[in-house]
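# Reading the structure
So you can see what is in the structure, the chains are spelled out below.
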Amino acid sequence: MVLRLWIALLGGILMGITPAPVGAWPLAWIALAPLWVQIIKAETKRENLTQTKYSNFNMKFLILNALAWGIGYHGLALSWVLGLHPLTWMGIPWVVSVAIALLALTLFTIWGATLVVTWAITTKALFNLIQNPPIRILIGTTIWCVLESIWSAGPLWWTSLSYTQSPHNLAILHLGQISGPNTITAAIVAVNGLLAQAWINRPKQTDPPNSSFASFASLRFIHKGYLATSAGLLISLHLIGFSLYNQPLNDQPSTAIKIGIIQGNVPNRIKFTPEGRRSSLTGYTNGYITLAKQGVEAILTPEGALSSIWTDPPATKNPLYQAILDKGIVAWIGAHRPRESSYTNSLFTVTGTGEIFSRYDKVNLVPFGEYIPFEQLLGGFINSISAIGTSQIAGEPTQLFDTPFGRAIVGICFDSAFSRHFQRQAAAGGEFIITASNNDPYSAAMQFQHHAQDTMRAIETNRWAARATNTGYSGIVDPHGRTLWISGHNTYEVRADTIYRRQTQTLYLRWGDWLTLVLLGLVAVSISWVIGNRKWKK
């Protein structure tokens, strides 16, 4: 049992190194198999123990295995959360800063591991009714997709199995155009399930000990039929994705937008001080002027670029505002907007005449960073961990963002992890993606994972994406997920590049996550057929 726990933990760790900083994405296609084996092989009876007692014992052990796998995956993939420390620049003692970072990682890890435990319990419960291996794999795959749909509708979401393939495996990521990220998740879970079945159904060893090498060479240690099915599914899905990847973009010059990006590189530790505000104004004003001279049509700044309130019109002494009036180039300004007794984290479209054309308020706020869950219960604790001293207010999830160039699809920082947020805007006529993020004080690993999230959104919506961040990685991504430019880490940069407006509608944009609904229907039909067949035989 201890060995099995270690194997489950190892499987989770292997999945945990698929995203940045390691990026070992091929491991995702085998890392879940050990947990699949544990669920399929879980015994239903044992001598010298009553059925009830053993069932309870067996379920506890299964939960521990799932928990070990979940902690290995989510804990390692989200380890960049520890980058919250040190928070001493906010006046928080060093020890308390460490405790906050550890608490955040623990909470996020347990929340992710809970999905895995729920999957294991539900899948095993249905396996007790169904003995057919293909139907079992269908059930396990469907339940995982359903759970990811539920988790992604909540306030904490990042580590979908699908993002383990981004931004490297562009062929498989194109399955997202069919039914969103759950298409990729379903592929990973199903392939792992078939591998697990191949191991479980391997032929019994009948050869003498000295023929072990020959047995290995002939693959007699594994069921060839399930192995071939797993390999065939993996190859077929990649071929489908590759065919989508090879579709020409056919972008026309009339749809081009020459866009400028400013990466301000103003660390959080000084961002809200007078020094930080001066540095922000200087950096973004100079960057705006530089890009205007290069002939760009619009300039994108990161989330909270100005660390202040942007009013309509802003203070006449604001140098960035004066630069906009002087150069007449549209700017997307990341700043705050007063609302009720607090603020929104917003992106403003400011025209060349200095007027606010449109505004987008960040929808998915970061728990414990931008808002405090159960704030009334926690009271004054908020002042010790929020840079603005109060919970921010989330924007409406139904927002649309029109610009002088047409309707845009917008995400601010954490929004990037929520695929449906981008799907809704694209289906409503969004023609290109702009995202604005801060990403400080996190490491390059987190920043590359964030880039991976936006890469997936660009592919799913079949849209060009421009990314502006404070400390990295800013970038330009085409609709096939190819990174045409990416900035440095913790560097000040300005970049002029070209993106294109598109109006194509992928299956995902038209129908959303229809695959999960189809899988649910197939599971219902399969279970009904199996149960009905048993009754007929009786």
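Everything quoted here is computed from the prediction, not taken from an experiment.

Once that is clear, we can look at the overall build of the chain. Looking only at helices and strands, the chain features 20 helices and 12 strands. Within the span of the chain, comprising 538 residues, buried residues form 54% of the whole. Of the contacts formed within the chain by residues at least 6 apart in sequence, a portion of 73% connects residues at least 24 apart. When the accessible surface of the chain is summed, it comes to about 22,800 Å², and 64% of that surface belongs to carbon and sulfur atoms.

The next subject is the sheet that holds strand E2 (residues 298-300). Taken in spatial order, the 6 strands make up an open sheet running E5-E4-E3-E2-E1-E12, and their pairing is mixed. Looking at strand neighbours, the two that pair on one side only are strand E5 (356-361) and strand E12 (493-500), the edges of this open sheet. Averaged over all pairs of adjacent strands, the angle between strand axes in this sheet comes to 35°, irrespective of strand direction. Both E2 and strand E3 (residues 330-339) contribute to a ladder of 3 bridges, which runs parallel. By the bridge assignment, alanine 298 is partnered in E3 with valine 330.

If you look at the biggest cluster of nonpolar residues, it comprises 67 residues, and the most contacted ones within it are Met15, Leu32, Trp69, Trp119, Trp144 and Leu161. In contact with methionine 15, not counting residues within four places along its chain, are Ala28, Ala31, Leu32, Trp69, Tyr73, Leu161, Thr164 and Ile188. Among the nonpolar cores identified, the runner-up in size contains 26 residues, and Leu347, Ala408, Ile412 and Ala436 belong to it.

In this section: the side chain of glutamine 423. Looking at where glutamine 423 falls in the secondary structure, it is placed in helix H17 (residues 419-427). Once you skip the residues sitting within four places of it in the chain, glutamine 423 turns out to touch Tyr508, Leu509 and Gly512.

The next point concerns the UniProt feature "transmembrane region" (unreviewed entry) in the chain. The UniProt record marks residues 6-37, 61-82, 94-122, 134-158, 178-200, 221-245 and 511-532 with the feature "transmembrane region" (unreviewed entry), using the residue numbering of this structure. As a span, residues 6-37 carries 62% helix and 0% strand, and end to end its C-alpha atoms are 14 Å apart. Secondary structure within residues 61-82 divides into 77% helix and 0% strand; the distance between the first and last C-alpha atoms comes to 30 Å.

Bringing the packing of helix H3 (residues 33-41) against helix H9 (residues 181-200) into the picture now. It is the contact of H3 with H9, at a shortest axis distance of 8 Å, that shows an interaxial angle of 60°. Between H3 and H9, the angle falls in the class oblique. Along this stretch, H3 crosses H9, giving a crossing that reads as right-handed. Contacts from Ala33, Trp36, Val37, Ile40 and Lys41 of H3 reach H9 at Val189, Asn192, Gly193, Leu195, Ala196, Gln197, Trp199 and Ile200. Partitioning the contact of H3 with H9 into residue classes produces 9 nonpolar, 3 polar and 1 charged.

In this section: the environment of proline 302. With respect to the element layout, proline 302 can be found in the loop between E2 and helix H14 (319-327). Proline 302 sits in the buried class, given a relative accessible area of 0%. Taking the C-alpha atoms as reference points, proline 302 and serine 437, separated by 135 residues in sequence, lie 5.2 Å from one another. Sequence-distant contacts of proline 302, defined by excluding residues within four places in its chain, comprise Ile262, Gly264, Tyr284, Gly334, Ala436, Ser437, Ala468, Thr469 and Asn470.

So, on to unusual backbone geometry. Both trends apply: most residues other than glycine have a negative phi, and most peptide bonds are in trans. In this structure, the amide linkage connecting alanine 20 to the following residue, proline 21, adopts the cis form with an omega of 10°. Inspection of the secondary structure assignment puts proline 21 in the loop between helix H1 (2-16) and helix H2 (28-31). Cis rather than trans, the peptide bond between glycine 472 and tyrosine 473 has omega equal to -10°. In this structure, cysteine 413 takes a positive phi of about 50° despite not being glycine. With respect to the helices and strands, the residue cysteine 413 is situated in the loop between strand E7 (406-412) and H17. Phi angles above zero are rare outside glycine, and asparagine 490 is one such case at about 60°. Of note, asparagine 490 is situated in the loop between strand E11 (483-486) and E12. With relative accessibility at 41%, the residue asparagine 490 sits in the partly exposed group.

Here H9 is 20 residues long and its end C-alpha atoms lie 29 Å apart, about the 28 Å a rise of 1.5 Å per residue gives. Within H9, 18 of the 20 residues are buried, leaving the element largely enclosed by the surrounding structure.

Criteria and cut-off values
- Residues numbered from 1 in each chain as written.
- Predicted model: local features only at pLDDT ≥ 70, side-chain atom pairs only at ≥ 80, totals over all residues.
- Heavy atoms only, no water.
- Helix = DSSP H or I, 4+ residues; strand = E, 2+ residues; numbered from the N terminus.
- Buried < 20%, exposed > 50% of the residue type's maximum accessible area, 1.4 Å probe, protein only.
- Contact = heavy atoms within 4.5 Å.
- Areas by Shrake-Rupley, 256 points an atom, 1.4 Å probe, with all protein chains shown as cover.
- Pairing = 2+ DSSP bridges.
- Axes fitted to C-alpha atoms, helices over the stretch in contact; angles between N-to-C directions.
- Core = buried A, V, L, I, M, F, W, Y, C linked by side-chain atoms within 4.5 Å.
- UniProt positions renumbered as here; feature names shortened; annotations may be inferred.
- Parallel < 35°, antiparallel > 145°, perpendicular 65-115°, else oblique.
- Left-handed = near helix turned anticlockwise from the far one by under 90°.
- Nonpolar A, V, L, I, M, F, W, Y, C, P; charged D, E, K, R; others polar.
- Expected span 1.5 Å × (residues − 1).

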